[in-house]
Amino acid sequence: MLFRSAHTRYEDVARLLKVLAQGALRTPTRVLLLARGEGDWWTSQLPERVEDTTAAAALESARVRQVGPVDETGPERLEAFREAALAFAAAQHLPVPERLPSPDLSGPGFEAILWIHLAALSAVDGKTDLLSGPIVRSQLIDYVLQRERRYWKKTAKTQRLGLRDRALERAVAVATMLGAKDEDAAANILLAVPDIDEAPAQARPAAGWLHNLYPPATARRSPSGDDETWLPALSPEPLGEALIASALEDVRSLPTRVLARANPRQAHAALTVLTQTARGHASVRGALQEAIDQHLPILRIAVITAAQAAGDPLGPILADSLARSPDPDLAQDLANTIPINTVTLRDLAVVAGRQIVEHVRHRASDPQRDPDFAMALNNLSNRLGDLGRPEEALAA
């Protein structure tokens, strides 16, 4: 049984393991979880939610493997390229080019089959200039995005949607960040797009256009399994992330605007996607930092779960945000939420711990102050030890 995007759907995974452990299937079943990395979702969130002892034992004995390339050698990848080109031509009812190019696909940039498939699609479309000489993956992404933009424009025109091209792109970017449970929720979140906010009557037509833009299989679900799939995302993920990065070049405030309208499940989804995008597109980190600075007090739960699911750079961003705007009450809430075993949130745990210590240190004397101070120092010492700072931990 194959389970995609397990790092964002750990509640679903926990339920599945429980059902299987209780004998729902009569035959032995192997479960394969696909994720972008192990991270905190694997070491803390998922184990905390697996209560069945049989399922917990299976999870504890599970092996983690790094997925390697589908095809190892240049000739094998070239064969995959040709097979994909034939399949793309047949699917689009296009003639197969008389002479397919033979690009160099032997480099590490083509270990993932996605890039071989994008190269094949460009060959079928006659973009052979992209395949002569060294192939730049960003050029393949730009080519596919231009292809999608033509599709958006064509479908929007058919539906007589009164939005400019840039608004269509931003709307797809928002849908790729997070889902919605129905048309009302989708229309609400699309008001985060400045162009739609200026013409709110377009929100509902735009939501309907997006709903039918891509197959439901590309929609995202919330980690708790709640249905947020009414808005489909642009996939595969590298393509969707490139679109988000492009949209943020023009509207840097888009994440801030989105999070202002998002419910907790949507906020988790948006923060997870933005964190993954920031890893591959450095320019996105600044926009994500500004959104966190604006919304951290409100999204204190969503930021923790998203950081555990997506990993860095959200953890350091959260630590920087709290350090710049100290808030002892918020620090205490975050410290209570951060799991004991964490890698992603270690920096945030230390920043929060320091603020708690200083707050208790300067609190008016009362019978509980000294025990609270000792506890705060002990917690800070443990967190500093987790960061590999034994001298500071001992001093605390």
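Residues numbered from 1 in each chain as written. Predicted model: local features only at pLDDT ≥ 70, side-chain atom pairs only at ≥ 80, totals over all residues. Heavy atoms only, no water.

Helices and strands together make up the secondary structure of the protein, namely 20 helices and two strands. The C-alpha radius of gyration of the protein comes to 24 Å, within 12% of the 21 Å expected for a compact globule of 396 residues. Dimensions of the protein, computed from the C-alpha atoms along their principal axes, are close to 85 × 55 × 45 Å. The buried share among the 396 residues of the protein stands at 46%. Of the contacts made within the protein by residues no fewer than 6 positions apart, 69% connect residues no fewer than 24 positions apart. Surface summary for the protein: the accessible area is close to 20100 Å², and the carbon and sulfur share equals 51%. Here the protein carries 44 positive and 50 negative side-chain charges, and the mean point of each set is 4 Å from the other. (Helix = DSSP H or I, 4+ residues; strand = E, 2+ residues; numbered from the N terminus. Rg over C-alpha atoms; globule rule 2.2 N^0.38 Å. Buried < 20%, exposed > 50% of the residue type's maximum accessible area, 1.4 Å probe, protein only. Contact = heavy atoms within 4.5 Å. Areas by Shrake-Rupley, 256 points an atom, 1.4 Å probe, with all protein chains shown as cover. Lys, Arg positive; Asp, Glu negative; His and termini not counted. Charge placed at Lys NZ, Arg CZ, Asp CG, Glu CD.)

As a further point, take the pattern of salt bridges. Tallied over the entire structure, the rule returns 19 salt bridges. Ionic contacts of the salt-bridge type, sharing partners, join the residues Arg164, Arg166, Arg170 and Asp195 into one network. (Salt bridge = Lys/Arg side-chain N within 4 Å of Asp/Glu carboxyl O.)

The grouping of Leu2, Leu32, Leu34 and Val67 at the surface amounts to a nonpolar patch, some 380 Å² of accessible area in total. Along the chain, the position of Leu2 falls in strand E1 (residues 2-3). Taking relative accessible area as the criterion, Leu2 reaches 53% and is therefore assigned exposed. (Patch = residues over 30% accessible without salt bridge, like charges linked within 9 Å, V, L, I, M, F, W, Y side chains within 5 Å.)

Counted by the stated rule, this structure contains two aromatic pairs. For the ring pair Tyr151 and Tyr214, a centre distance of 5.9 Å and an interplane angle of 55° mean the geometry is tilted. With Tyr151 in helix H6 (residues 137-158) and Tyr214 in the loop between helix H10 (203-211) and helix H11 (237-250), this residue pair connects regions lying 63 residues apart in the sequence. With relative accessibility at 14%, the residue Tyr214 sits in the buried group. One residue, Arg369, lies across the ring of Phe373, its end atom 5.8 Å from the ring centre. (Phe/Tyr/Trp six-rings, centres within 6.5 Å; stacked < 30°, edge-to-face > 60°. Lys NZ or Arg CZ within 6 Å of the ring centre and 35° of its normal.)

A few words on the side chain of Thr342. Relative to the helices and strands, Thr342 is located in the loop between helix H17 (328-337) and helix H18 (346-361). Assessed through its relative accessible area of 8%, Thr342 is described here as buried. There is a polar contact of 2.4 Å between the side chain of Thr342 and the side chain of Asp40. Within the structure, Thr342 has its side chain in polar contact with the backbone nitrogen of Leu345 (distance 3.1 Å). (Polar contact = N/O pair within 3.5 Å; in protein donor to acceptor, adjacent residues only side chain to side chain.)

Below, the discussion takes up the packing of helix H15 (residues 300-310) against H17. H17 packs onto H15 with a crossing angle of 40° between their chain directions and a minimal axis gap of 10 Å. Between H15 and H17, the interaxial angle falls into the category oblique. The way H15 lies across H17 gives a crossing that is right-handed. On the side of H15, the interface is formed by Arg300, Ile301 and Ile304, while H17 contributes Leu330, Asp333, Leu334 and Thr337. When the residues that make up the contact of H15 with H17 are grouped by side-chain class, the tally is four nonpolar, one polar and two charged. (Axes fitted to C-alpha atoms, helices over the stretch in contact; angles between N-to-C directions. Parallel < 35°, antiparallel > 145°, perpendicular 65-115°, else oblique. Left-handed = near helix turned anticlockwise from the far one by under 90°. Nonpolar A, V, L, I, M, F, W, Y, C, P; charged D, E, K, R; others polar.)

Turning to the side chain of Thr344, a few remarks are in order. Along the chain, the position of Thr344 falls in the loop between H17 and H18. Judged by its relative accessible area of 9%, Thr344 falls in the buried class.

Moving on: unusual backbone geometry. The peptide bond linking Ser235 to Pro236 adopts the cis configuration, its omega dihedral lying at 0°. Structurally, Pro236 is set in the loop between H10 and H11. Here the amide bond leading from Asp312 into Pro313 is cis, since omega sits at 10°, within 30 degrees of zero. Phi angles above zero are rare outside glycine, and Ser5 is one such case at about 50°. Along the chain, the position of Ser5 falls in the loop between E1 and helix H1 (10-21).

End to end, helix H7 (residues 165-177) covers 19 Å across 13 residues, agreeing with the expected 18 Å (1.5 Å per residue, within 8%). Most of H7 sits inside the fold, with 11 of its 13 residues counted as buried. Those residues of H7 that sit buried are Ala167, Leu168, Glu169, Arg170, Ala171, Val172, Ala173, Val174, Ala175, Thr176 and Met177. (Expected span 1.5 Å × (residues − 1).)

Take helix H14 (residues 283-295) next. Every buried residue belonging to H14 is among Val284, Ala287, Leu288, Gln289, Ala291, Ile292 and His295, and all of these are buried. Next to the buried residues of H14 lie H11, helix H12 (254-261), helix H13 (264-280), H15 and helix H16 (314-324).

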